[in-house]
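Listed below are the residues making up each chain.
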Amino acid sequence: SLPIALTGCASGIGAATAALLASRGYTVIGIDRTATTGFAGDFIQADLSTPAGISAVIEKLTTLAPQGLAGLANIAGVPGTAPLRTVLSVNVFAVRELTRGLAPLLGERASVVNLASSVAFGWRSVAEACRDFALAEDQDQALEQAAADTAIAENSYLFSKQCVRLLTEQLAAEFVGARVRVNSVSPGPVQTPILDDFKKDHGQDKVNSAAELLGRFAAPEDIAEVIAYLLSSQPIWVNGTDVRVDGGLVAYRSSSVP
Ligand code: NAI
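The present account deals with the structure reproduced in this document. (Residues numbered from 1 in each chain as written. Predicted model: local features only at pLDDT ≥ 70, side-chain atom pairs only at ≥ 80, totals over all residues. Heavy atoms only, no water.)

**A word on helix 2 (residues 51-64)**
Next, step 1: Here helix 2 spans 20 Å end to end across 14 residues, near enough to the 20 Å set by a 1.5 Å rise per residue.
Next, step 2: Considered for burial, the residues of helix 2 that qualify are G53, I54, V57, I58 and L61. Summarising the axial view, the buried residues of helix 2 lie within an arc of 140°, below the 170-degree limit, and thus occupy one face. In helix 2, the exposed residues that point more than 90 degrees away from the buried face are P51, A52, E59 and T63. (Helix = DSSP H or I, 4+ residues; strand = E, 2+ residues; numbered from the N terminus. Expected span 1.5 Å × (residues − 1). Buried < 20%, exposed > 50% of the residue type's maximum accessible area, 1.4 Å probe, protein only. Arc of directions from axis to C-beta.)

Structure below.
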């Protein structure tokens, strides 16, 4: 069967998803800026924060998967402790440009999965700002405007994941004629290296309170299971939507349960 391209394969959720897919017989082509030894399939080392890095990935995937791809998992992401341009370029523009750029390789029944976050559940209230940024043709201009907008600059990670929710619906619409599905997965806090940065960014107590409520943080495998399901050809009618995988955190916090 055709391979699945997966970004962020060197760590955390991406590494767990690559391992799970491989154990189920899929061929995975991993992409990351960090070299990785624990990866069985083809590996492309690239920096997804620049258009040049993204073009290089598309070119290499075209060579490695001449018959096309069964799927694309946009898992690579950076926390809000990284510079604003990096957060927005990797978390938003890389998802958009990689998906659009790989259109020729994504045949009928292919599946694309983007990593959003449970923190972005209220994204529709800022859909206009997300649209202006995430769909902007001029990336440099959009990044400059975002840097000047304090609401975005002070919450770059949140905004980037709200944009992923918007982009998921947008890309699903763009690909509907090609019969390619595009969905997102929204984890709550997951025990991976990024979690320490979230604690710095959002406050230790807020992040830790999730584990107190739920008994633990999510394991990367808890998220990988859902990503792998969406990438498979089973959920053929699930398209343009988001699956929250947060152990019930958002439901609890927005409920009246004391
Ligand atoms: P992680 O830090 O363990 O892995 C992220 C991977 O992305 C790393 O291997 C890193 O090298 C790669 N990456 C970052 N920037 C890159 C670039 N410019 N070019 C190529 N590769 C790059 O983090 P984790 O937890 O596995 O996160 C995966 C995704 O899940 C991210 O999009 C993250 O925002 C999202 N997420 C994570 C949550 C968590 O609590 N861990 C919660 C909600 C969403």
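What follows picks up the thread again.
**Comments concerning the sheet that holds strand 3 (residues 42-45)**
Next, step 1: Strand order in this open sheet of seven strands is 3-2-1-4-5-6-7, and the pairing throughout is parallel. For this open sheet the edge positions go to strand 3 and strand 7 (242-245), each flanked by a neighbour on one side alone. Sheet twist, expressed as the mean angle between neighbouring strand axes with direction ignored, is 20°.
Next, step 2: In this structure, strand 4 (residues 69-74) lies alongside strand 5 (residues 106-115), joined through five bridges in parallel fashion. (Pairing = 2+ DSSP bridges. Axes fitted to C-alpha atoms, helices over the stretch in contact; angles between N-to-C directions.)

**A look at a nonpolar patch on the surface**
Next, step 1: A cluster of nonpolar residues, L213, L214, Y252 and V257, forms a patch on the protein surface that exposes about 310 Å² of accessible area.
Next, step 2: Position of V257 relative to the elements: it lies in the segment after helix 11 (249-253). (Patch = residues over 30% accessible without salt bridge, like charges linked within 9 Å, V, L, I, M, F, W, Y side chains within 5 Å. Areas by Shrake-Rupley, 256 points an atom, 1.4 Å probe, with all protein chains shown as cover. Salt bridge = Lys/Arg side-chain N within 4 Å of Asp/Glu carboxyl O.)

**Here's the deal with the pairing of strand 4**
Next, step 1: The buried fraction of strand 4 amounts to five of the six residues, a majority that puts the element mostly inside the structure.
Next, step 2: As paired strands, strand 1 (residues 4-7) and strand 4 are joined by four bridges and run parallel to one another. Among the inter-strand pairings, L6 is bridged to a residue of strand 4, identified as A73.
Next, step 3: Since strand 4 and strand 5 lie parallel, the crossover through helix 3 (residues 84-101) that links them has a hand, and here it is right-handed. (Right-handed = clockwise from strand over helix to strand, strands pointing away.)

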